[in-house]
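Fold and geometry: a report
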Amino acid sequence: MNGIHDLGGMHGMGAVVTEENEPPFHHEWERRAFSFFASLFVGGHFNVDMFRHAIERMNPAHYLEESYYEHWMHAFETLLLEKGVITLDELSGAVKPVIAAAETPVLRQEMVQAVVTTGASARVDVDVPASFRVGDRVRAKNINPRGHTRLPRYVRDKIGTIVIDHGVFVTPDTVAHGLGEHPQHVYSVSFAATELWGDNAPPKDTVRIDLWDDYLEAL
């Protein structure tokens, strides 16, 4: 979707400020917010792309004003409310929360490392034919979906070259909306900086973007 979250190539956002020796978390609540993702994911309350889409649906002004883990908390609250896992009264603390059903999957200590280090990988072991091969020149489709997509605005209608076939993954555009996995190949596509940004871009620079079969068309 064409929301404020898709900032690639936008001007006026100021310099990217880096922090020397930046810690993983600046506040204890951020550490706790990080732990929520693994617990709620294993609990089956959402998948990664549902989570991303919830962030994309934030009020644009709030998205720009709030910090990284505040985005996460917004997504948790949005999805758990939408799915009926919690109520507004529970969220506000007006009533005590209802204990989860006994059959709800629970994150166990031995599962934490795998969930955190793999990032809840969307790779699937399905034999799906590839539409393209390494070395093929392709064009990113010029599409503007109202729902979730991993195709950035700044790359649409641009020409690049496939340099890696990563294998088969579920499709973000469908799983974010509960429409099935629709497995397909994902490729690393190399774009010349001048193709993306024009003649003022450094002539030798390239940008690599991972793109799904459905995002590409042959030349």
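Here, the structure is the one placed above.
So, here is what we can say about the structure in this document.

**Points about the nonpolar core**
If you look at the biggest cluster of nonpolar residues, it comprises 19 residues, and the most contacted ones within it are F37, F46, F51, I55, W72, F76 and L79. Those elements giving two or more residues to this core turn out to be α1 (28-42), α2 (48-56) and α4 (68-82). Excluding its chain neighbours within four sequence positions, the residues that come into contact with L79 are F46, M50, F51, A54 and R57.

**Details of the packing of aromatic side chains**
Following the criterion strictly, the structure yields 19 aromatic pairs and no others. Seen from their ring centres, F46 and F76 are 6.2 Å apart, and the 20 degrees between their planes marks the pair as stacked. One end of the pair, F46, is in the loop between α1 and α2; the other, F76, is in helix α4, with 30 residues separating them in the sequence. Neither residue differs from the other here; F46 and F76 are each classed as buried.

**Here we look at the packing of α2 against α4**
Viewed as axis vectors pointing N to C, α2 and α4 meet at an angle of 105 degrees, and their least axial separation amounts to 8 Å. With respect to each other, α2 and α4 are oriented roughly perpendicular. Facing M50, F51, A54 and I55 of α2, the residues of α4 in contact are H71, W72, H74, A75, F76, T78 and L79. Looking at side-chain class alone, the contact of α2 with α4 contains eight nonpolar, three polar and no charged residues.

Cut-offs used in this document
- For every chain, the first residue of the written sequence is number 1, and numbering continues from 1 along that sequence.
- Residues qualify for local features only when their pLDDT is at least 70, as the model is predicted, and side-chain atom pairs are given and counted only at 80 or more; totals for whole chains, interfaces and linings, by contrast, use all residues.
- Calculated side-chain values reflect all of the structure's heavy atoms, with hydrogen atoms and water omitted.
- Grouping buried Ala, Val, Leu, Ile, Met, Phe, Trp, Tyr and Cys residues that are joined through side-chain atoms within 4.5 Å yields what is termed a nonpolar core.
- For every residue, the accessible area (1.4 Å probe, protein chains only) is compared with the maximum for its type, and the residue is labelled buried under 20%, exposed over 50%, or partly exposed between those bounds.
- What counts as a helix is a DSSP run of H or I of at least four residues, what counts as a strand is a run of E of at least two, and both are numbered from the N terminus.
- For this analysis, residues touch if any pair of their heavy atoms sits within 4.5 Å.
- Classification of ring pairs uses Phe, Tyr and Trp, with its six-membered ring standing for Trp, and accepts pairs whose centres are within 6.5 Å; under 30 degrees between planes counts as stacked, over 60 as edge-to-face, and the remaining range as tilted.
- Axes here mean lines fitted to C-alpha atoms, for a helix over just the part in contact, with angles spanning 0 to 180 degrees between N-to-C directions.
- Working definition: roughly parallel below 35 degrees, roughly antiparallel above 145 degrees, roughly perpendicular at 65 to 115 degrees, and oblique for all remaining angles.
- Under the scheme applied, nonpolar residues are Ala, Val, Leu, Ile, Met, Phe, Trp, Tyr, Cys and Pro; charged residues are Asp, Glu, Lys and Arg; polar residues are all the others, including Gly.

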